[in-house]
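Descriptive analysis of the structure
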Protein chains: 2
Amino acid sequence: MENKVLIFGHKSPDTDSVTSAIVMENLERKLGNENVKAVRTGEINKETKYVLNFLGLEEPELVETVEDGQEVILVDHNEATQSIGNIENAKVLKVVDHHSMNFIAPYQIYYRAEPVGCTQTVLYKMYKENDVEIDKNIATLMLSAIASDTLVLKSPTTTEADKKAVQELEKISGLDISTFGVDMLKAGTDISDFTPEQVINIDSKLFEQSNKRFRIAQVNTADLDSIFKNQAYFEQAINEDIEKENLDFYVFAATDIINSNSKIISLGNDAPVVEKAFGIPVDNHTAMLENVVSRKKQMLPPILNALNGDVNL
Amino acid sequence: MENKVLIFGHKSPDTDSVTSAIVMENLERKLGNENVKAVRTGEINKETKYVLNFLGLEEPELVETVEDGQEVILVDHNEATQSIGNIENAKVLKVVDHHSMNFIAPYQIYYRAEPVGCTQTVLYKMYKENDVEIDKNIATLMLSAIASDTLVLKSPTTTEADKKAVQELEKISGLDISTFGVDMLKAGTDISDFTPEQVINIDSKLFEQSNKRFRIAQVNTADLDSIFKNQAYFEQAINEDIEKENLDFYVFAATDIINSNSKIISLGNDAPVVEKAFGIPVDNHTAMLENVVSRKKQMLPPILNALNGDVNL
C-alpha cells in the first residue's frame, strides 16, 4: 500500500481533476503535510497535456485502483462510482469538490464543496484563507482548469467567484484567459491525427425511434474551419456508415465550444428532417445551429418532434 | 411555506446546534443574505437556556417540520434521520458540520465540514476567512458551544483548532472558558427541580444478561455533592425500583462531566458484583470510578465480565 496520502480526481480525468490534485498536493505541503502525492486515475487528455507541457510539468503517476485502508483525498468528485477502483475500501480524509453530492463517511472528515464552476475556484479560496502563496505555476494550473470547466467563462455554469479568481490568477500567471484559455481548449480538440472516420466515431449515438434509424455524432472543436475544409472526406465517411448500417439519415455535429454553436453535416434519404427540426435551411448538406451545444437536450428533441409530425417524411 | 431560508441544527438540539444556527444567520446577514432565519427543532435544554439568558437573547422560533421545497441551511448535522421533519423534501443550500457524513444532494451545494470538536470552531474559521467581525455576543455563543461539545476542552474529541479558537474567543467575550464554561455545564445538569425518583429515571437502562436482571442508570452532573448530600433519598428510590422490578442489583452512576469520573450507588442482593467488576471497594454503597464516563463502553462490559466469571455470585 502506498504510504503517502494519494490525491486524485475522477475517472477519465479532465483538466480540473488533474490540476486540482497537483494544486491540492502543494497546499497540503505548504500547510506542513509532506506525506501527500497527486496521482491521476486515467489517461491525460490533449487539453491537460497542453497545460502540463506549457509549464514543463510531468504527468502525475497513473493509479487505477487502491488497496484496502489507503488514505486518500478526493478532488473534483465525491461519488464512489466516479472514483478510483476499490475506493469503497479506502479511507477518505478530505474532499474538495464542486459537484452534486452522494457521499458517506462513517467518521469525521474535511469536506469542502461550493456551488461554483470549477474545483480550482474552491482551492483558490483555500489558498487565500490559509495565507498560502499562489505562485506562477499554481496560478496557471488554476486558470487552466477554470478556463476548461467554464469554456473561458462563457458557460452558464460560470459564477462570480470563478470570475473573481480569474482576475487575480491572470495577474499572477501573466496570462490572458481569453488567449491562453482558447489555445488550451483548441489543443484539447485537436483532431489532426484522426481520420474523418475516427472523428465521426469519437462520440456517435445510434437512435431507432419514430420508425427511423439514424445517428447523431458529435465532436467538440474550437476550430470549425479545420473540420469543414475537409467536408468532402467527412461526407464520404458518413455515407459509408449510412450504407453499411442502413440508416435513414445521419447528423454529424461539430460543436464550437468557444462560440457555443454547432455546425452540422446532414446526409441520408431523410436528411431534410433537419430543416424541419431546426427551422433553418440546409445548404450544401450543412447548417449552423446557433446556441446549440447539447445533443441530449438541444438536438435530439427537435429531431424527434419533426419525425413524429411526419413519419413518412 | 416560510419565505426565508431556515437555519437549524439537529433534533433534541444541544448548545452547539442552537447557537450555531444563530451564528450562521449572523454570518449570512453580514455577507449580504438578509433572507435567513435561525430556528430550533426542539425544546431548548437548561444548558442552552443559561447561555441565551446570559446574553439576553430570545429562544429561536420552534419549527418541527418543513414544507416541500423549503430552502434550508443545516448546522451541526447532515443526516436526514437527525434532521427536522420532512427534510427529504426540503432544498438544502448549505451544510456546516463536524460529524460523520451520510448526505445526498442531486445539485451543487455549499458543504463545509471539518474533523474538529464543535461546529462553532468551523464557523469561527468561516468568520475569519470572510473578514466578518466576531462581536462579543457571537464570541460568547461560539465559546459556549465549544465548552459544551468538548466539556471545557477536556474531552478526547478536542482538537488544536478548538483550542486556538477558544484563545481568541475568550479575549473577545471577556470570559474564561474554565469558569463560564463550567457554570454553563452546571446549569445544564441542574436537577434541583427533579425528585430523586425522576433523576434516576432520566436515563435508566434495564439489562437481563448472565441470568441476572439489573439496571444501570446514569445522570450527568457538574456537582456530585449536590446529588450525594441526598444519598438517602436516592437509595430509597433505587430500592423501591429493585423491589418493584425484582432486580438483582442496581447501579446508579452520577457522571462528573468536569472531572470525567463517575460516582456510583450500588444496591441489591448482587451489588457486590461492582467491587469485582471495577476492582475497588464499595463503601456505604458508593464508589468512585476514576476516568469512567461511558455506560456503554466503560460500565457495562466490566460488570458483564464479573457476572460471567461467577454467575452464582
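These notes cover the structure that comes with them.

Procedures and definitions
Residues numbered from 1 in each chain as written. Chains lettered and ligands numbered in written order. Predicted model: local features only at pLDDT ≥ 70, side-chain atom pairs only at ≥ 80, totals over all residues. Heavy atoms only, no water. Pairing = 2+ DSSP bridges. Helix = DSSP H or I, 4+ residues; strand = E, 2+ residues; numbered from the N terminus. Contact = heavy atoms within 4.5 Å. Axes fitted to C-alpha atoms, helices over the stretch in contact; angles between N-to-C directions. Parallel < 35°, antiparallel > 145°, perpendicular 65-115°, else oblique. Left-handed = near helix turned anticlockwise from the far one by under 90°. Nonpolar A, V, L, I, M, F, W, Y, C, P; charged D, E, K, R; others polar. Salt bridge = Lys/Arg side-chain N within 4 Å of Asp/Glu carboxyl O. Buried < 20%, exposed > 50% of the residue type's maximum accessible area, 1.4 Å probe, protein only. Buried area = accessible area lost by both parts, 1.4 Å probe. Polar contact = N/O pair within 3.5 Å; in protein donor to acceptor, adjacent residues only side chain to side chain.

Paired through backbone hydrogen bonds, the strands of a sheet run either parallel or antiparallel to each other. Here we have 12 strands laid out as an open sheet, ordered β3(A)-β2(A)-β1(A)-β4(A)-β5(A)-β7(A)-β7(B)-β5(B)-β4(B)-β1(B)-β2(B)-β3(B), and mixed in their pairing. Edge strands, defined here as strands with exactly one partner in the open sheet, are β3 (61-62) of chain A together with β3 (61-62) of chain B. Where strand β2 (residues 36-40) of chain B lies against β3 of chain B, two bridges are found, and the strand directions are parallel. Residue pairing for β3 of chain B: arginine 40 of chain B is matched across the bridge by leucine 62 of chain B. On top of the sheet, helix α3 (residues 119-129) of chain A reaches β5 (91-97) and β7 (110-113) of chain A together with β7 (110-113) of chain B; it is set at about 100° to β5 of chain A, its chief contact.

We now examine the packing of helix α2 (residues 46-55) of chain B against helix α4 (residues 136-149) of chain B. Residues and elements named next belong to chain B. The N-to-C vectors of α2 and α4 enclose an angle of 160°; their axes lie 11 Å apart at closest approach. By the angle between their axes, α2 is roughly antiparallel relative to α4. α4 is crossed by α2, and the crossing has right-handed handedness. Contacts between α2 and α4 involve Glu47, Val51, Phe54 and Leu55 from the first element and Asn137, Thr140, Leu141, Ser144 and Ser148 from the second. Of the residues belonging to the contact of α2 with α4, the class tally is four nonpolar, four polar and one charged.

We now examine the sheet that holds strand β12 (residues 286-289) of chain A. All names here are of chain A. The five strands lie next to each other as β8-β9-β10-β11-β12, forming an open sheet whose pairing is mixed. Only two strands of the sheet have a single neighbouring strand rather than two, namely β8 (204-209) and β12. Within the sheet, the average angular offset between the axes of one strand and its neighbour, ignoring direction, is 20°. Here strand β9 (residues 212-221) pairs with strand β10 (residues 249-256) via eight bridges, running parallel. Within β10, the position partnered with phenylalanine 214 by the bridge is phenylalanine 249. Sheet strands in contact with helix α9 (residues 231-245) are β9, β10, β11 (261-267) and β12, and its direction is about 55° off that of β11.

Scanning the model with the defined rule gives 36 salt bridges over all chains in all. Among the salt bridges present, the one from lysine 163 of chain A reaches glutamate 160 of chain A, with a minimum N-O distance of 3.5 Å. Placement of both lysine 163 of chain A and glutamate 160 of chain A in helix α5 (residues 160-173) is noted, with a separation of three residues, approximately one turn of the helix. When its relative accessible area of 59% is taken as the criterion, glutamate 160 of chain A is described as exposed. A salt bridge links glutamate 129 of chain B to arginine 112 of chain B; its shortest N-O distance comes to 2.7 Å. Of the two residues, glutamate 129 of chain B is situated in helix α3 (residues 119-129) and arginine 112 of chain B in strand β7; the sequence distance between them amounts to 17 residues.

Between chain B and chain A, the contact holds 20 residues from the first and 20 residues from the second. In total, chain B and chain A occlude about 1,700 Å² of area from one another, counting both sides; carbon and sulfur atoms represent 54% of this. Connecting chain B to chain A are zero salt bridges. Put simply, chain B and chain A have nine residue pairs in polar contact (both at pLDDT 80 or more) between them. Looking at the side of chain B that touches chain A, the elements with two or more residues in it are β6 (101-105) and β7 of chain B. In terms of residues, the side of chain B that touches chain A owes the most to one element, β6 of chain B, which gives five residues. Its residues assigned to classes, the side of chain B that touches chain A comprises 12 nonpolar, five polar and three charged. Alignment of β7 of chain A against β7 of chain B, held across three bridges, turns out to be antiparallel. Residue alanine 113 of chain A lies in a different strand from β7 of chain B, and its bridge partner there is tyrosine 111 of chain B.

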